[in-house]
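Coordinates in review
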Amino acid sequence: MRIVFLGTPQFALPCLELLIKSDEEIAAVVTKPDASRGRGRKVVSPPVKLLANKHNLSVFQPPSVNQADFIEKITQLKPDLFVVAAFGEILSPELLRIPVYGGINVHASLLPKYRGGAPVNWAIINGEVKTGVTVMKMEEKLDRGGIISRKETDIFPNDDAVTLKGRLSLLGKEVLKEALDLIKRNEVVIRPQDETEVSFAPNFKKEDGLINWEKKALEIHNLVRGTIPWPGAYTHINLSSGRGNLKICKTKLVELEAAGESKPGKIVSLEKNGWKVAAGQGLILVKEVQIAGGKKLSAYDFSLGHGIKEGMRLG
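Each chain carries its own residue numbering, running from 1 in the direction its sequence is written. Local features in a predicted model are, by the rule used here, given only for residues with pLDDT of at least 70; side-chain atom pairs are given and counted only at 80 or more, and totals for whole chains, interfaces and linings are based on all residues. Excluded from the side-chain calculations are hydrogens and water; all other atoms, namely the structure's heavy atoms, are used.

Looking now at the overall build of the chain. If you tally the helices and strands in the chain, you get eight helices and 15 strands. Dimensions of the chain, computed from C-alpha atoms along their principal axes, come out at roughly 65 × 45 × 30 Å. Counted over contacts in the chain with a minimum sequence separation of 6, partners at least 24 positions apart contribute 64%. Distance between charge centroids for the chain: 6 Å, based on 45 positive and 36 negative side chains. Segments assigned H or I by DSSP are reported as helices when at least four residues long, segments assigned E as strands when at least two residues long, and all are numbered from the N terminus. Whether two residues touch is decided by their heavy atoms; if any such pair falls within 4.5 Å, the residues are in contact. Positive charges come from Lys and Arg, negative ones from Asp and Glu, while His and the chain ends are left out of the count. To locate a charge, take atom NZ for lysine, CZ for arginine, CG for aspartate or CD for glutamate.

Here's what the structure looks like:
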């Protein structure tokens, strides 16, 4: 098949690698434009572009794939199929009508659960114990197409959004191969999504990472795991240098039951392996932290340099 691949981040790489090693013809790779990153605002290319360039593939980086001039370019390529994996833009009906077989999307959830741009993160934040990857037939509306193939996997207690995305990206390659084989054998059976089971996973805003210490220790722990690396879970803290935000980088559950008389956010004890902090229910061990403009430190080392004391309250 003559395929146009659309993808942007690290998650999409195994799917593109599968196509590169297959007998399919990659007519073009479409990814988001290069962007400035970090404090130095260095211009960085998307991971998909770097892999495509390594294999001398034709790369397009339009501001929007739905612009008329870009649609004309893709029309001239006469593709059989679009393969989409974490691309970052909704494709218009006009664009989706171009390929002979339309488009398929590799989505990191068990659809119809967690439609949207951050399915891995929200699955962890919401305490799910299972997730997976779905390949669906693309429609105009976000993640609503019929299901072609799907595989599930466990979410382990020590998973964070980075480790889970890594596993799901490899699983995505398996599910995509299964879907492509079905398409080529003309054996696709498309199953509609159950609209009664729909949930959503919107992209993050910075404030989504703010910790509410009134919540249960388990919920706070899941927020920390689910918001890595961005926006990160953070709290307000009073230091000798003034009030600021402190990113909570790593936590561990130490007590799930009630925290007794301690007010939520209170540092109950300072130990070498971290700070025990009271939540609305239970205690959580804060192991690693990072102040704005600083590097990541163990909570213990941070306390030595910033005068953190037992009894201080976060939030």
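The next thing to look at is the pairing of strand β1 (residues 2-7). Walk down a regular strand and you will see the side chains alternate between the two sheet faces. Among the six residues that make up β1, five are buried, leaving the element largely enclosed by the rest of the structure. As judged from the five bridges shared by β1 and strand β2 (residues 25-30), these two strands associate in the parallel manner. Of the residues in β2, the one forming a bridge with Phe5 is Val29. Examined bridge by bridge, β1 and strand β6 (residues 81-85) share five bridges and lie parallel to one another. Counted as the bridge partner of Leu6 is Val84 from β6. For each residue, the accessible area found with a 1.4 Å probe, counting protein chains only, is set against the maximum for its type, and the residue is called buried under 20%, exposed over 50%, and partly exposed in between. Strand pairing is assigned whenever DSSP identifies at least 2 bridges connecting the two strands.

On to helix α8 (residues 299-306). Along α8, the residues classified as buried are Ala299, Phe302 and Ser303. Taken around the axis of α8, the buried residues stretch over an arc of 100°, which confines them to a single face. Across from the buried face of α8, at angles greater than 90 degrees, the exposed residues are Leu304 and Gly305. Just downstream of α8 lies Gly307, where phi reads positive at about 65°. Within this analysis, the arc is defined by the directions that extend from the helix axis to the C-beta atoms.

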